[in-house]
Protein chains: 2
Amino acid sequence: MGRHREFDVEKALDSALCVFWRKGYEGASYADLTEATGVERPALYSAFGNKEALFRLALARYYDRYLDYLPEALLLPTARDVAAYILHNAIELNTRYPEHTGCLGINGVLAGSDEAESVRLALIDARAAGERQIRERFEQAKTDGDLPSTANPDTLAAFLMAVLHGIAVQAKAGFSREMLTAVGEQALANWPSASSSVSTQSP
Amino acid sequence: MGRHREFDVEKALDSALCVFWRKGYEGASYADLTEATGVERPALYSAFGNKEALFRLALARYYDRYLDYLPEALLLPTARDVAAYILHNAIELNTRYPEHTGCLGINGVLAGSDEAESVRLALIDARAAGERQIRERFEQAKTDGDLPSTANPDTLAAFLMAVLHGIAVQAKAGFSREMLTAVGEQALANWPSASSSVSTQSP
DNA sequence: TCGTTATCGTAATGATCATTACGGAAAAAT
DNA sequence: ATTTTTCCGTAATGATCATTACGATAACGA
């Protein structure tokens, strides 16, 4: 019983997510959040808890709703397909919305006051979880034989993630989708292949 | 005439630089800055101006004193040498100081409140200036012939910077120097070369 | 219709932020 | 020795921060 909630919690969370995406955790104030959601402060507190709890909910939603291409990618037949699919979708996501470019998961990792340390650690964990999934998929690719036995899944996963992070930074700096696509293709140009060595030795 | 300054301005700027490196522009408070420098607030203001001016001075010093490997790299004989030298030194710099990992120039680019927008733009500019130098060097490499005529200096420079940014993010996330070195080597694998095509056609 | 219960918006709370007013202290100039 | 000039540190300023107390409002059960 009691009075009903007058706002849509899901929509408010979506709006808050966009604010965090653009400004990061500490850069987003409750003034920003109330303006974006159309919900007054006490209502946000009662619905989501404090700022950190709201951010963690937004981060989880971000992985569910925007980084949904990651689990899809892992199902593709070869490691190269996986990498290409992730790169393509990440670039699309990082440039889809002009008002919040880059990656929410990266935009808050780098710097902040001591009070935000726990949030930084949460973002680092989430990043590592994604990299772990990719690494395990690449280990499978070695067993499958679409990666050469000399390939190092650890290194390849870290390399792919590095390029993804770099693309996120460049997207935030205003790079066009075309430019980022070229960067992604350059990263794939180096991709190790099992079927044919790149050595130029004649038989 | 008048009283002499009791603190070393250069040393104070160095200390402030480290605070910004670790916490970013907005994450660093004057409480942090006075503690790190050992200089009281009004003295910092009289010596450097306000917080934004202090940050800009620190940024310039960072490029001069820590990113000095960039101009050195540009003098190397081939584009691949340039890229390898930059990667190696960037990794070393990003992991040299455990208390402030990653790159000062990147740590503040990504997110922040609206008040910090001008600082963000300054960091984006500085990043772009570095990329431009590398691109021009790669254009020279095409003329020199150590990059094939099919190579795209724009893309190669952006790719190299993307990997550098990604490495900065990973350094901030706690990656070891060894892991980052492997990432850098992966980026250099199959670097475009003019002397021998990677095609496997026999003559 | 009335009492219970939950949500609403206004406005307050205390902390921290960047910035500076101000008076004492020290060094040069007269 | 006194004046002038500059710097030092204390402590204040107003703004903004996240968080919440509180009274009004609205929906339910009885």
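Throughout, a residue's number is its position along its own chain's written sequence, starting from 1. Lettering of chains starts at A and numbering of ligands starts at 1, both following the order in which they are written. Given that this is a predicted model, residues contribute local features only at a pLDDT of at least 70 and side-chain atom pairs are listed and counted only at 80 or more, while totals for whole chains, interfaces and linings are drawn from all residues. Hydrogen atoms and water are omitted, and side-chain values are computed over all heavy atoms in the structure.

S.K.: Can you break down the overall build of chain A residue by residue, with the values?
M.R.: The helix and strand labels rest on DSSP assignments: H or I over at least four residues marks a helix, E over at least two residues marks a strand, and numbering proceeds from the N terminus. If you tally the helices and strands in chain A, you get ten helices and zero strands. Along chain A, helices and strands appear, N-terminal first, in the series α-α-α-α-α-α-α-α-α-α. Considered along the principal axes of its C-alpha atoms, chain A spans approximately 80 × 35 × 30 Å. Per-residue accessibility, obtained with a 1.4 Å probe over protein chains only, is compared with the maximum for each type, and a residue is labelled buried under 20%, exposed over 50%, and partly exposed between these values. Residues counted as buried form 53% of the 203 residues belonging to chain A. Computed with a 1.4 Å probe, the accessible areas rest on the Shrake-Rupley method; for each residue, only the protein chains presented here act as cover. For chain A, the exposed area adds up to about 9500 Å²; of that, 51% sits on carbon and sulfur atoms. Think of it this way: Lys and Arg go in the positive column, Asp and Glu in the negative one, and His and the chain ends go nowhere. Taken as the charge location is NZ of Lys, CZ of Arg, CG of Asp or CD of Glu. Side-chain charges in chain A split into 20 positive and 27 negative, and the spacing between the mean points of these groups amounts to 2 Å.

S.K.: Pulling in residues and values, what's your account of the relation of the copies chain B and chain A?
M.R.: For the least-squares superposition of copies, only C-alpha atoms count, and only for residues with pLDDT at least 70 in both. You can overlay chain B on chain A at an RMSD of 0.2 Å; the transform is a turn of 180° with a shift of 0.0 Å along its axis. Read as a symmetry element, the transformation amounts to a two-fold axis. Residue B:G166 of chain B places its C-alpha closer to the rotation axis than any other residue of that unit, at 2.1 Å. When the interface residues of chain B are mapped onto chain A, 100% of them again lie at the interface, so the same face is used by both copies. In this description, contact between two residues means that some pair of their heavy atoms is separated by no more than 4.5 Å.

S.K.: Could you give an account of the pattern of salt bridges, with specific residues and numbers?
M.R.: All names here are of chain A. Should a side-chain nitrogen of Lys or Arg be within 4 Å of a carboxyl oxygen of Asp or Glu, the pair is scored as a salt bridge. For the structure on display, the rule yields 24 salt bridges over all chains. Between R61 and D14 there is a salt bridge, with its nearest N and O atoms 2.5 Å apart. Placement of R61 in helix α4 (residues 51-65) and of D14 in helix α1 (residues 9-27) is noted, with a sequence separation of 47 residues between them. E131 is paired through a salt bridge with R127; the nearest N and O atoms lie 2.8 Å apart. Highlighted residues: E131 and R127, both in helix α8 (residues 117-144), separated by four residues, approximately one helical turn. Connected via shared salt-bridge partners are E10, D14, R61 and R65.

Interpretation in functional terms is not warranted from these geometric data alone.
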